[in-house]
Amino acid sequence: MTETPNPNIVDADSLTGEMHPIRRVVVALGSNLGERLASLQGAVDALADTPDFFVTGVSPVYETEPVDSPDGSKAYLNAVLLADTTLPAARLMERALAVEDAFERERTEVRNAPRTLDVDLIVVGDRRSNEDFLRLPHPRAHERAFVLQPWHDLEPDAVFPDRGPIAELLQSTDTAGVKKRDDLVLEVE
């Protein structure tokens with residue numbers, strides 16, 4: 001067996017025999033409170049430690065100006081993680097929320113409030129969802145340079161479902177507040 005499963009094959013549960021497709025997952029990470037880099041690295045570690053979730057790439061780290069955030073919000077560190085998984089999208093969302101909670105993410109009524117950690121599912125294979133707890137593909141990521149730029153670094157030929165090539169989407173976004181931080185690196189063990 002190879003280290004990273006082929007996304008075109010189907011995995012069978014060894015106990016039940018149930019078939020699970022292997023899907024490509026794009027996860028966006030962000031932090032603008034506390035030890036930002038440590039929070040991002042902790043999220044990478046926690047996700048990589050998730051059973052049936054195989055991290056295949058982590059982007060460079062970007063420092064970005066807050067978007068649609070309250071006045072006085074500090075700059076974010078952002079990155080994108082790519083993975084292959086057989087996990088259902090709802091279970092991935094539960095895991096993302098659990099990772100945020102482990103890093104003391106506080107949820108408030110304030111939209112885009114500062115946070116210790118944000119773990120967003122951007123794409124889970126070709127899965128579509130418009131449920132309150134899970135919207136896939138992510139409804140605003142195609143407009144966000146802080147998602148598109150790191151994703152483009154990993155997969156320049158990627159296509160955002162229903163929106164088009166991320167290279168074209170990136171060209172139509174404002175990248176002025178998105179700065180690559182070569183001095184900061186996330187690692188997968």
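Predicted model only: the values in this text are computed from it and were never measured.

Draft legend 1. Region of interest: the overall build of the protein. Helix and strand counts for the protein stand at four helices and 12 strands. In the protein, which comprises 189 residues, the share counted as buried stands at 46%. Restricting the contact set of the protein to residue pairs at least 6 apart, pairs at least 24 apart contribute 68%. Only carbon and sulfur atoms are counted for the fraction: they give 47% of the accessible area of the protein, which is about 10300 Å².

Draft legend 2. Representation of helix α2 (residues 89–102) in the model. Under the 1.5 Å per step criterion, the end-to-end length of α2 is 20 Å for 14 residues, consistent within 8% with the ideal 20 Å. All buried positions along α2 are accounted for by Ala89, Leu92, Met93, Ala96, Val99 and Glu100. The buried residues of α2 occupy an angular sector of 125° when projected down its axis, which confines them to one face. Exposed residues on α2 whose side chains face more than 90 degrees from its buried face are Glu94 and Ala102. If you follow the buried residues of α2, they end up packed against β3 (23–31), α1 (36–48), β4 (53–58), β6 (76–85), β7 (118–124) and β9 (134–136). In the stretch just after α2, Glu104 is the one whose phi turns positive, near 55°.

Draft legend 3. Structural context of the confidence of the model for the protein. Per-residue confidence for the protein gives a mean pLDDT of 88; residues scoring 70 or more make up 87%. Predicted confidence for residues 1–10 stays below pLDDT 50, and this span has 14 contacts to residues more than four positions away or in other chains.

Conventions and cut-offs
- Residues numbered from 1 in each chain as written.
- Predicted model: local features only at pLDDT ≥ 70, side-chain atom pairs only at ≥ 80, totals over all residues.
- Heavy atoms only, no water.
- Helix = DSSP H or I, 4+ residues; strand = E, 2+ residues; numbered from the N terminus.
- Buried < 20%, exposed > 50% of the residue type's maximum accessible area, 1.4 Å probe, protein only.
- Contact = heavy atoms within 4.5 Å.
- Areas by Shrake-Rupley, 256 points an atom, 1.4 Å probe, with all protein chains shown as cover.
- Expected span 1.5 Å × (residues − 1).
- Arc of directions from axis to C-beta.
- pLDDT = per-residue confidence, 0-100.

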